[in-house]
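# A closer look at the structure
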Amino acid sequence: MINQNIASPLQVQKSHGASLWQKIAPKFEAVVGKKGVVQRQEELLTYECDSLTSYRQRPALVVLPRTTEQVAEVVKICYENQIPWVTRGAGTGLSGGALPVENCVLIVTTLMNQILKVDLENQRIIVQAGVINNWVTQAISGKGFYYAPDPSSQTVCTIGGNIAENAGGIHCLKYGVTTNHVLGLKLVIPDGSVVDVGGIISEMPGYDLTGLFIGSEGTLGIATEITLRIIKTPEAIGTVLADFTTIEAAGDTVTHIISAGIIPAAMELMDGTTIKAIEDVINTGCYPRDAAAVLLIEVDGLAVEVESSKQQVAKICQQNGARNVIIASDEQRRIKLWQGRKTALIALGYQSHYFLQDGVIPRTQLVAVLKEISALGNQYGYCIANALHAGDGNLHPVILYDHAIPGAFKQVEELSGEILKLCVRVGGSISGEHGIGADKKCLMPEMFNHIDLDTMQWPRLAFNPQGLANPGKMFPTPPTCGEAAQAQKMGRFSDLEVF
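Parameters and conventions
- Residues numbered from 1 in each chain as written.
- Predicted model: local features only at pLDDT ≥ 70, side-chain atom pairs only at ≥ 80, totals over all residues.
- Heavy atoms only, no water.
- pLDDT = per-residue confidence, 0-100.
- Contact = heavy atoms within 4.5 Å.
- Helix = DSSP H or I, 4+ residues; strand = E, 2+ residues; numbered from the N terminus.
- Pairing = 2+ DSSP bridges.
- Axes fitted to C-alpha atoms, helices over the stretch in contact; angles between N-to-C directions.
- Buried < 20%, exposed > 50% of the residue type's maximum accessible area, 1.4 Å probe, protein only.
- Patch = residues over 30% accessible without salt bridge, like charges linked within 9 Å, V, L, I, M, F, W, Y side chains within 5 Å.
- Areas by Shrake-Rupley, 256 points an atom, 1.4 Å probe, with all protein chains shown as cover.
- Salt bridge = Lys/Arg side-chain N within 4 Å of Asp/Glu carboxyl O.
- Arc of directions from axis to C-beta.

### Describing the confidence of the model for the chain
Mean pLDDT over the chain stands at 91; residues scoring 70 or higher make up 92%. Here residues 1–13 is modelled with pLDDT under 50, and outside its nearest four sequence neighbours on either side it reaches 30 contacts, counting other chains as well. Here residues 482–499 is a poorly scored stretch, pLDDT under 50, and it has 34 contacts once near neighbours within four places are set aside; other chains count.

### Quick word on unusual backbone geometry
Residues other than glycine predominantly adopt negative phi, and peptide bonds predominantly adopt the trans conformation. Phi is positive for glutamine 82, close to 55 degrees, though the residue is something other than glycine. With respect to the helices and strands, glutamine 82 occurs in the loop between α4 (68–80) and β4 (85–88).

### Section: the sheet that holds strand β1 (residues 37–38)
Across the sheet, four strands lie side by side as β1-β3-β5-β4; this open sheet has mixed pairing. Only two strands of the sheet have a single neighbouring strand rather than two, namely β1 and β4. Here β1 pairs with strand β3 (residues 61–63) via two bridges, running antiparallel. Directly across from valine 37, in β3, lies its bridge partner valine 63. On the sheet, helix α2 (residues 18–32) packs against β1, β3 and β5 (105–108) and is oriented at approximately 15 degrees with respect to β3. Sheet strands in contact with α4 are β3, β4 and β5, and its direction is about 165 degrees off that of β5.

### Brief notes about the pairing of strand β19 (residues 397–401)
The buried fraction of β19 is high, at five of five residues. As judged from the four bridges shared by strand β17 (residues 353–356) and β19, these two strands associate in the antiparallel manner. Looking at the pairing, tyrosine 354 lines up with leucine 400 of β19. In this structure, strand β18 (residues 383–388) lies alongside β19, joined through four bridges in antiparallel fashion. Following the sheet pairing, asparagine 386 is matched in β19 by proline 397.

### Regarding a nonpolar patch on the surface
Residues Ile115, Val118 and Trp135 make up a contiguous nonpolar surface patch of roughly 240 Å² in combined accessible area. Its location among the elements puts valine 118 in strand β6 (residues 115–119).

### Section: the environment of leucine 337
In this fold, leucine 337 is placed in helix α12 (residues 331–342). Accessibility expressed as a relative area gives 0% for leucine 337, which makes it buried. Discounting residues that sit within four places of it in the chain, leucine 337 has contacts with Thr239, Leu241, Cys286, Tyr287, Leu296 and Ala328.

### Regarding the environment of valine 254
Tracing the chain through its elements places valine 254 in helix α9 (residues 247–259). Between the C-alpha atoms of valine 254 and isoleucine 297, which are 43 residues apart in sequence, the distance is 9.4 Å. Setting aside anything within four residues of it in sequence, one finds valine 254 in contact with Met267, Leu295, Arg363, Leu366, Ala390 and Gly391.

### Quick word on the sheet that holds β6
Judged by pairing direction, the sheet is antiparallel, and its five strands sit side by side in the order β6-β7-β11-β9-β10 without closing on themselves. Edge positions in the sheet fall to β6 and β10 (194–198), since each has one partner strand and no second. Strand-to-strand, the axes of this sheet are offset by a mean angle of 10 degrees, without reference to chain direction. Pairing of β6 with strand β7 (residues 124–128) involves four bridges; the strand directions are antiparallel. Opposite isoleucine 115, over in β7, you have valine 127 as the bridge partner.

### Regarding helix α5 (residues 133–140)
Taken together, the buried positions of α5 are occupied by Asn133, Asn134, Val136, Thr137 and Ile140. Along the long axis of α5, the arc covered by the buried residues comes to 150 degrees, so they all point the same way.

Have a look at this one:
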């Protein structure tokens, strides 16, 4: 077992009073300027949660650096004064990964928004952590290139946040997630040192520290500059929309398309609840309101290949009971078809409070798991909408509820946990792209035994031995949910407010 006899972040926090912040704030201001430090309580409210708004905690102060050197100096001040810190990009995360802890410094990277170098000949681009995902493609699209990972929040989420959570997106079925498109990282580790991992070529000798860091959710340090792989824009793209009278037929179609040897660039499934919300709020006019499910399938590549694949996809959809099949090749029609999928969560959120999850299952279990999710919703008395990356089995069940009803959120949390446990039972995972954060850390023992979890602590202790970087995230502390719940009842930790 690993010896973890280090002061917990909360023990460190409790030793800090108001006098500490009066003393420390000028040090941060000397690094980033007065405008780069947020201290007023009403302004700090902006930063008390990420997009998982059910959990809230106000930071002691916020620091907004602009360069790697400033980040390093800010982290050194925290290290020297034993102050816990959390990194935040645009705050679009959905697992509480950027949730502050009590009496922490929140290091926000949104002002680190420079594209540093474009190298089209070698198909790479170097950006600061605060660059918006979609800005990368905008910077190079005129030259015939793009950046493949495309979360639904790509118009607002940052590359640094994508690195922390190993974000995926609609096109990850064919092109992979963030880790498949990162060549190198400049890092500030928890003692304030600056290190470079990876490089500007695909294969580097030594340990894969780049791979280790991606998806570490800010617990190993801060990525400040990122070297990304960019790819050529395909010669042709075709999008197929098929609607079905049952969600089972749509799910079976997913399996049959992959079994036919076709690897779409994207394959998304939305159920009837999601379709109605989209048409009520966004009014795309693309999705039939009476459909039980729709599949949105995109193929790309050489023109002759795309023409063949989209016709084959359409035929498989029809063979599996699709009522209508629409094939779109022109750009405007394709954009309109995708508009609804990209705004599905906005549409659902416009109509109801929701709790979104992010489990992964084998494709062959898709129909059975969707049935079980529906049954769980009925058991708990909540409607569950589904909009998922069907091609790679990444589910996004959206539990709709009214948070004004006493006890509703507690029930929703329990239902959410049951859905993720179901994913694990069928051979899947509790997260595909949203990360573990504060939300799912108590479910880690569902996937890993105590030896597994203990082994995972070794890198964290090597990079972050004092536990100052994003404390309380990813791993259960105490080790099981039952122990954690008991500790919370006894008031042994209070890093989260639950609303």
